[in-house]
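# Observations on the three-dimensional arrangement
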Amino acid sequence: MPPTTPHAGKFNSCPAYSNNNHPQPQSPYRSHTAPKPSRENVYNGAYSVAENPYDVPQPHAAYRSSSVSSVNANKHHYSSSCAISGNPYSLPQPQSPRQHSTSCPGRAYRHTSNCSSSSSDQSCRNSGSSTKARLYGHSVTASYGEMCYHDNSLVSASLEALIQHLVPTVDYYPDRSYVFTFLLSSRLFLHPYELMTRVCHLCVEQQRSGDALLDKIRFREVAPKLVQLLTEWTETFPYDFRDERMMRCLKDMTLQVARGDEFSWRAMQQMTQRLIKRLSALGQYEEAVAALNAVALERPASLKSKQTSAQRSDILSMCDDPFILAQQLTHIELDRLSFIGPEEFIQSFAMKDPLENHKGFFRKRKTSNLEAYVNWFNRLSFLVATEICMPVKKKHRARIIEFFIDVAQECFNIGNFNSLMAIITGMNMSPVARLKKTWNKVNTDKFEILEHQMDPSSNFSNYRTALRGATQRSETAHSSQEKIVIPFFSLLIKDIYFLNEGCANRLPNGHINFEKLWELAKQVSEFLVWRQVICPFDRDRRILQYLVTTPVFTEDELHLASYESEGPENNMEKDSRRSLRSSLLHRENRS
C-alpha cells in the first residue's frame, strides 16, 4: 500500500507573530472612540430587500472547508521584512513567497530525478503491482504501481491510479489532504460528475464477490467511509452539486447505502440536507448581488448640474470616521469572499466542459462568485474616484482625498489588503491624478507610504511581506479582529494562473504532475482559511447600502467631471473635453 500521507514533509509551520508593539494610527476625521468589535455572528437572517438590500445570508461555519486544514496546517515559511516604518506586519529579511509562481517544483524535479521518459531509470512508470525504489543521496524515489513518490511525497501518477487512490475500502481511507487536492484539481482532467460516478462505481464494485449476502456485509463495512468521502466533497465543494447530475448521483448512492446500513443512510440524509441549505444560501446571495447591481447601474445626476452637486450625498455625509468606513468595507469583503468556491480558481482556466450547455435546476456560471468579487474591487475604485471628482470646491475635494488616505491606512491595519489596493487604484486613476491644484492641498506622506507598501515592483515583494505578517498574526490571534486577512485578490488569481500556466499538467511519461496539484491546493487552501473568518465589527446598514448601491461614474464621465473641476491644461485636454461632452450628450439623448 502506498504511503497514506503523500504530502508528508511538504509544508513547514510558521513561527508565531506578535503585533502588540504597533498602535493604531489616529485619524483627524475620527470624532469619537471606535466601538469595540462585536464577536457575534451577524448573519442569522435570510435576505430581505425590504429590510436591507445589502444583507445577504452567511454560510454557516460548518459548511466551510474543514478538510483543507490538513493541507494548510504545515505551510512554507518565508522570512521577510518590510521597509516601511510602523508596518504592523514587518518581519526579518524579505523574500517573495510567490517567486516560484511561474515555475514548478515538478519541473526542476523532472530534470534531476528518474521521473522522465528520457531517463534510463524509469521507476516512475507503470510497473504493474510491483514496487520499485532508488536511493539518490539522502532522498528516495519509489513507485507503487502507477504512482510515483519522492521522499514519501506523491509527485506523479496516472489518472486511473489517482482515482483509485481516492476510493475508500474497508481498511483504507485516503489522506484528507489528498482528498482536497485531487477533488480541487481533478476538474482539469475530467468533469466532477464523471469523477463521482467512477468513484462510487469502484467503491461498490470492489465489494462484489458473487455472494449476495457477503456483498451486503462488505458494503455495510465500507459504507461509513464512502459517506465520509461524500461529506468532505459536499462540504468543501458544494457548488459541484448545482449540477443536477451530481445530485442525481448523490441520490442514487443514498438509496444504495440505505439497503445496507441504516446509520450511514441517516448520515447521508443529514449531509444532503446541509448541502441543500448551503445551495439555497448561495442562491439567495446571488439574487442579492444581482439586485444590488441593478440599483447601482442607475446613472448619477447629470454633469450639467455639477454646480448644484452640493445637494448630493457624499461619503463624508455618510461616514466621517475612516475606521468605521474601513470596518464596513471589511464586512463587504468577507461577505463576498465567503461565497467564493475553491473550485472557481481552477475552473477559471480548466478545460471547456463539453456538456456546459446541459441545462438543469442548479446550473449556474462556474466562476460567477469569483467574478462578482473582482467586480466589487472595480466598483470600489470607481466609487473613490467619483467621490473625489464630484465636489465643486477644491477644498472639499482635498478633504475627501485625505479621508480616503486615512481609510486606506485603517484597511491596512485591519489586514484588508483588497480594499486598500482598490482605494489606491481609484486615487491613481488619471481623472483624479490630474487634479494638481487639489493634490497641492493634500499632505501625501501617508499616501506615499501606502503606495510603497503596494508597489508592484519585485513581484509585489513589500505587499507579500505584509501579507505573511498578517497571516502569522492571524494564526496566533487573541481576538477576532486579528484573525482577519483579506488578500489583494487580483494578485492571488494571477499567482494561481501563472502557477498553472508555468507547469505542465502531465509529465513526458503520461503521468499527471501531482507536484503542481499540491502547489495549487496549498494556495487555495490558504485562501479558504482566510475566507472562514467572521467579521467582528458592528454593521452599519446605512453605510453598507451606500457603498454597494450609490451610482458611480463611468470612465468617460470621470474624465469630464475632472475637467469640470480643474479645466484643461493643454489643447489635447481641451479636445478631449469637447469630445466627451459631445459623446455623453448624444448618449443621454438616445437614452
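Numbers given for residues are sequential positions, taken from 1 along each chain in its written order. Residue-level local features of this predicted model are given only where pLDDT is at least 70; pairs of side-chain atoms are given and counted only at 80 or more, and the full residue set underlies all totals for whole chains, interfaces and linings. Water and hydrogen atoms play no part in the side-chain values, which are based on all heavy atoms of the structure.

## Some thoughts on the overall build of the protein chain
Under the convention used in this document: Secondary structure elements follow DSSP: runs of H or I no shorter than four residues count as helices, runs of E no shorter than two count as strands, and numbering proceeds from the N terminus. A simple rule labels every residue: compare its accessible area, found with a 1.4 Å probe on the protein chains alone, to the largest value its type can have, and call it buried under 20%, exposed over 50%, or partly exposed in between. Calculation of accessible area relied on Shrake-Rupley with a 1.4 Å probe; when residues are assessed, cover is drawn exclusively from the protein chains displayed.
In terms of helices and strands, the protein chain carries 23 helices and 5 strands. The buried share of the protein chain, reckoned over its 591 residues, is 56%. Carbon together with sulfur atoms contributes 51% to the accessible area of the protein chain, which is approximately 25,800 Å² in total.

## Some details on a positive patch on the surface
Which entries qualify depends on this criterion: Any residue with relative accessible area above 30% and no salt bridge may belong to a patch, with like charges joined within 9 Å and the nonpolar Val, Leu, Ile, Met, Phe, Trp and Tyr side chains within 5 Å. Salt bridge, as used here: a side-chain nitrogen of Lys or Arg that lies within 4 Å of a carboxyl oxygen of Asp or Glu. Here Asp and Glu are counted as negative and Lys and Arg as positive; His is not counted, and neither are the chain ends. Positions of charges follow a simple convention, taking NZ of Lys, CZ of Arg, CG of Asp or CD of Glu.
Judged by side-chain charge, Lys393, Lys394, Lys395, Lys437 and Lys441 come together as a positively charged surface patch. Here Lys395 is to be found in helix α13 (residues 394–414).

## Overview of the packing of aromatic side chains
Here is the rule we go by: Here is the rule: rings of Phe, Tyr and Trp (six-membered ring for Trp) pair when centre to centre is within 6.5 Å. Planes less than 30 degrees apart are stacked, more than 60 are edge-to-face, and the remainder are tilted. A ring is scored as having a charge over it whenever the NZ atom of a lysine or the CZ atom of an arginine sits within 6 Å of its centre and within 35 degrees of its normal.
One pass over the structure, following the stated rule, counts 19 aromatic pairs. Seen in terms of ring centroids, Tyr285 and Phe339 are 4.1 Å apart; in terms of plane orientation they differ by 5°. Their pairing is stacked. Of this pair, Tyr285 sits in helix α8 (residues 262–296) while Phe339 sits in the loop between α10 (322–337) and α11 (343–347), and the two are 54 residues apart along the sequence. Assigned by exposure class, Tyr285 and Phe339 land together as buried. Taken together, the aromatic side chains of Phe377, Phe412, Phe417, Phe460, Tyr463 and Phe488 make up a single cluster linked through ring pairs. Geometry around Tyr193 places Arg245 over its ring, the cationic atom sitting 5.1 Å from the centre.

## Comments concerning the pairing of strand β4 (residues 153–157)
Condition: Strand pairing is defined by DSSP finding a minimum of two bridges between the two strands.
Here β4 lies mainly inside the structure; 5 of its 5 residues are buried. Note: strand β3 (residues 147–150) against β4, 4 bridges, orientation antiparallel. Bridge pairing in β4 places Cys148 opposite Ser156. A loop of 2 residues connects β3 with β4, the two strands running antiparallel in sequence, and Asp151 in this loop sits at a positive phi of about 55°. Across 2 bridges, β4 lies against strand β5 (residues 512–513) in antiparallel orientation. Looking at β5, one finds that Ala157 is bridged to Ile512.

## Focus on the pattern of salt bridges
All told, the structure shown has 18 salt bridges when counted by the stated rule. Notably, a salt bridge pairs Arg198 with Glu194, separated by 3.5 Å at the nearest N-O pair. On the criterion of helical spacing, the pair formed by Arg198 and Glu194 is a turn pair, its members being 4 residues apart in helix α5 (residues 192–205).

## Remarks on the packing of α8 against helix α12 (residues 368–389)
Here is the rule: Between the N-to-C directions of two axes lies an angle of 0 to 180 degrees, each axis being a line fitted to C-alpha atoms and, for a helix, fitted only over the stretch in contact. Each angle receives one of four descriptions, namely roughly parallel if under 35 degrees, roughly antiparallel if over 145, roughly perpendicular if within 65 to 115, and oblique otherwise. Throughout, a crossing is termed right-handed when the near helix is turned clockwise from the far one, and left-handed when it is turned anticlockwise from it by less than a right angle. In what follows, residue pairs with any heavy atoms lying within 4.5 Å of each other are defined as contacts. Each residue gets one of three labels, nonpolar for Ala, Val, Leu, Ile, Met, Phe, Trp, Tyr, Cys and Pro, charged for Asp, Glu, Lys and Arg, and polar for the others, Gly among them.
Axis separation between α8 and α12 bottoms out at 12 Å; the angle between their running directions is 30°. By the angle between their axes, α8 is roughly parallel relative to α12. Regarding α8 and α12, the two cross each other, and that crossing is left-handed. Of the residues in α12, those touching α8 at Leu282, Tyr285, Glu286 and Ala296 are Ser368, Asn369 and Arg379. Taken together, the residues that form the contact of α8 with α12 break down as 3 nonpolar, 2 polar and 2 charged.

## Observations concerning the confidence of the model for the protein chain
For clarity, the cut-off: pLDDT runs from 0 to 100 and stands for how confident the predictor is about each residue.
In this model, the protein chain carries an average pLDDT of 77, and 70% of its residues clear a pLDDT of 70 or more. Ranking the helices and strands of the protein chain by mean pLDDT puts helix α14 (residues 417–427) first, with 98, and helix α2 (residues 105–112) last, with 35. Between residues 1–86, whose pLDDT stays under 50, and residues either more than four places distant or in other chains, the model counts 231 contacts.

## So, a nonpolar patch on the surface
There is a patch of nonpolar side chains on the surface, built from Leu213, Leu214 and Ile217 and spanning about 270 Å² of accessible area. Along the chain, the position of Ile217 falls in helix α6 (residues 212–236).

## So, the packing of helix α7 (residues 244–258) against α8
How two helices pack is summed up by the angle between their axes together with the distance between the axes. Following both chains from N to C, one finds α7 and α8 inclined at 160°, their axes separated by 8 Å at the closest point. In terms of their interaxial angle, α7 and α8 are classed as roughly antiparallel. Here the hand of the crossing between α7 and α8 comes out left-handed. Each of Met247, Leu250, Met253, Thr254, Val257 and Ala258 in α7 lies in contact with α8, whose residues at this interface are Ser264, Trp265, Met268, Gln269, Met271, Thr272, Leu275 and Ile276. Split by residue class, the contact of α7 with α8 holds 10 nonpolar, 4 polar and no charged.

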